[in-house]
Every structure is written in structure tokens, then in C-alpha cells.
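Descriptive structure summary
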Amino acid sequence: MPNTLVDELLNTHCLSRDGYRELLETLSDEDAQRLKIEAQRLCEQAYGRVVFRRGLVEFSNYCKNDCYYCGIRRSNAAVSRYRLSDDEILNCIKEGKALGFKSYVLQSGDDRHYTTKRMANLVAEIKALAPEASLTLSMGERSREFYQACFDAGCDRYLLRHETAKHCHYAKLHPKEMSLSSRLQCLEVIKSIGYQVGTGFMVGSPFQCYADLAEDLYFIQEFRPHMVGIGPFIAHHETKFADMPDGSVELTIRMIAILRIMHPKILLPATTALGTLDPDGREKAILAGANVLMPNLSPLRVREWYMIYDNKISTGDESAQLCTQLEERLRKINYRFAEDRGDSLM
Ligand code: SAH
């Protein structure tokens, strides 16, 4: 029986909440294939047959939060905590510059050690060192003043995954002092300041059902972020979700395809979590509409400590130093890295 929701999505680029839920529940392998092909075509039409690369610097694994799924959550005493100095961070950027990067992402736990003043200074220094590159911060929920000061200092983008768009599901993944409302509030502020904004969610996180994923899609449809990062949930052995099953690579890729069809001009990373569960996961994502890769630029000595989930790949071909290997993978699927900073066309 033909799935009319597939045609509706392909024709109108949007569905209702119930439409997304039903689509996810009933999607056949054949229809999923149709969506992936169309998603790849739309992406190529908008951006060309290229992938943007962002050098990722994981600059601190201190975190004041206790998200139940995350390996660097506050209460995990088994992690060695580290913070990079400003000079160390600037050295990562220098290394990225030498490797030809035009875009950087600075990510950390929710670490208040990096004050507004310090981050604004650091942003200005990075932009002075690499004026040709775009800069993204991803360091959690902060004040309006913080976001504004970093933006004024030259930061271009901010990434804050909403994690799940349903309040009741959010409450199952986070302690009670955290709320979806405050996360969404931050996203509104970030957007209103003028950042290119990224959000996102995990696929297959504990207790998630199709209605939750449909809510994620609907939220993104309405909020219209410039970027959406999604990856499968992967259990971390020192969290209370240690025994929960990993998310599905196939479902993650279907979600990427649907997001691309909803917003042809959005930026969609093929995430490290996909590459961790499936060696070909990132290529599969690119062939279903993803167009960003985030090779790791962090100093080698700290990489094993930014383990947000078990077995996170960090020293293989996702290493910025080994971009030629990633390039080779792209060549095999007839893609290449773009030369520019990869601003969103949305
Ligand atoms: N402190 C920042 C960055 C968090 S780490 C912030 O709050 O935004 C980046 C992302 O890793 C998170 O947003 C989350 O979606 C993802 N993540 C954390 N633990 C994970 C796990 N066990 N499996 C898959 N993804 C995970």
C-alpha cells in the first residue's frame, strides 16, 4: 500500500505532529530509501556535492550538570577532569588553520570556570588569529549577557541541543533541577541575538518513543534552526543508563533524511556517534542528506577524557590530523570537503 505521508512530506516539506509520528511508525524500507535519495538530491541542489568540516575543540570536561545519559556528568567520579588554557585552545586553532580549516567548534561541559569576560576575550583572540573562519560555541545554558558578550566579540554560531522536545521525556533523562523550558528559553535568546543556531537530539535515548521523535521534528519545523545535530544514544558504563540499548543507526539516518526534506537549506552533521556505532555510518548519513563533519582538533592527551559515551572514536580518521583519510572516504562516495566556512543558507 502506498504511504501517502511520504508523498505529502516530499511535496509539502512538512507534516503535522501526528503525521510525523505515523510516518515514523509505518515507514517501509523502500519508502525510507526514497526519502534518503530525495534528501541527498535536495542537499546537493542547495549546497553542491560537498561536506563542510568543522574543527572540534573539546576544551573542558568539567560539568555542573548531571544528565543521566552523559559520561562527563558531574557525579561520574571516574573521569579525570581537564580544562585547556587559553593558549592551549589557541594552539588548537593554529593547528586547524595549518590544516586548512575555515570553521571551529569549541565544546565543553557546562563549566562556569569560563566566565563571560574570559570567553568574550577568548572569542576575540580566536577571531583575530583566524578571521577567515567561523566560530561556534557549545557550552550549555548560560545567561543572556554571556551569549551577547560572546556574539559581540565575534562568535558566529551557538550549538545547544534541546535533547528531546517533550517535557515528560526530558524529565526522564535529566535531574529535576534541569528543564526543557530553560533550554528552549536559551535557544530563543541565542536566536534573537543573531547567532546561527544549532540544536538537536539523541535518537534511541532511553524511554523514547516515536511520538517523542515526532515532537522533535515538529519543534524543529517551527523553530527553524540553522543546524541540527543528531546522533544515536550510546550507553556509557558509568551512568545509570549503562545497560540501556544503543540507538539505531538506521533510524538516525532516516531522521536525517526527513530533516533535510523538511528544511533543504539546513546544515546537518554526520556525527561522531554515528561513526562510533557503524564505521560507514557517516557516509550513509551523507548519502541521506548530511553535509557537515566535525573532525577532532583537541590535544591528543585529553581526548580519552571527553568520553560522553562508551568507545567514542577520537584518534582514528575523525582526528583532524588525519583528514586525508576522511577525504578518501568522501572521495569514494564522490564527495569532497568544501573550501569555505559553510554558513547556513537558511
Ligand atoms: N555541555 C554542552 C555540550 C554537551 S555534549 C551542552 O550542554 O550543550 C554534546 C552532546 O552529546 C549532548 O548535547 C548530547 O546530545 C550528546 N550526548 C551526551 N551523552 C550522550 C550519549 N550517551 N550518547 C549519545 N550522545 C550523547
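To keep things clear, this report deals only with the structure shown in the data block. Given the structure is predicted, the values throughout are model-derived calculations rather than measurements. (Residues numbered from 1 in each chain as written. Predicted model: local features only at pLDDT ≥ 70, side-chain atom pairs only at ≥ 80, totals over all residues. Heavy atoms only, no water.)

A tally of regular secondary structure across the protein gives 14 helices and nine strands. Taken over C-alpha atoms, the radius of gyration comes to 19 Å for the protein, in line with the 20 Å a tight globule of 346 residues would show. Classification of the 346 residues of the protein by burial places 59% in the buried group. By sequence separation, contacts in the protein at least 24 residues apart represent 75% of the contacts at least 6 residues apart. (Helix = DSSP H or I, 4+ residues; strand = E, 2+ residues; numbered from the N terminus. Rg over C-alpha atoms; globule rule 2.2 N^0.38 Å. Buried < 20%, exposed > 50% of the residue type's maximum accessible area, 1.4 Å probe, protein only. Contact = heavy atoms within 4.5 Å.)

For the structure on display, the rule yields 30 salt bridges. Of the charged contacts in the structure, one is a salt bridge between Lys97 and Glu132, with a shortest N-O distance of 3.3 Å. Residue Lys97 is located in helix α4 (residues 86-98), and its partner Glu132 is located in the loop between α5 (116-129) and β4 (134-138); the two are separated by 35 residues in the primary sequence. On the basis of relative accessible area, Lys97 is assigned to the partly exposed category, the value being 35%. In this structure, Arg329 engages Glu283 in a salt bridge whose closest nitrogen and oxygen atoms are separated by 2.6 Å. Taken together, the positions of Arg329 in helix α14 (residues 323-332) and Glu283 in helix α12 (residues 281-286) put the pair 46 residues apart, joining distant regions of the chain. (Salt bridge = Lys/Arg side-chain N within 4 Å of Asp/Glu carboxyl O.)

This brings us to the site of the ligand. Not every one of the 18 residues close to the ligand is listed here, only the nearest: Tyr69, Ser108, Arg161, Glu163 and Ile234. The separation between a nitrogen atom of the ligand and a polar main-chain atom of Ile234 is 2.7 Å. When grouped by side-chain class, the residues that make up the shell around the ligand number ten nonpolar, four polar and four charged. (Near = heavy atom within 4 Å. Polar contact = N/O pair within 3.5 Å; in protein donor to acceptor, adjacent residues only side chain to side chain. Nonpolar A, V, L, I, M, F, W, Y, C, P; charged D, E, K, R; others polar.)

Below, the discussion takes up the pairing of strand β3 (residues 103-108). Extensive coverage of β3 is indicated by the burial of six of its six residues. Residues Ser103, Val105 and Gln107 line one face of β3 and the alternating positions Tyr104, Leu106 and Ser108 line the opposite face, and both faces are buried. As paired strands, strand β2 (residues 55-60) and β3 are joined by five bridges and run parallel to one another. By the bridge assignment, Gly55 is partnered in β3 with Tyr104. With α4 bridging β2 and its parallel neighbour β3, the resulting β-α-β unit is right-handed. In terms of strand pairing, β3 meets β4 through five bridges, oriented parallel. Residue pairing in the sheet places Val105 in a bridge with Thr136 of β4. Regarding the hand of the β-α-β motif, the stretch spanning β3, α5 and β4 is right-handed. (Pairing = 2+ DSSP bridges. Right-handed = clockwise from strand over helix to strand, strands pointing away.)

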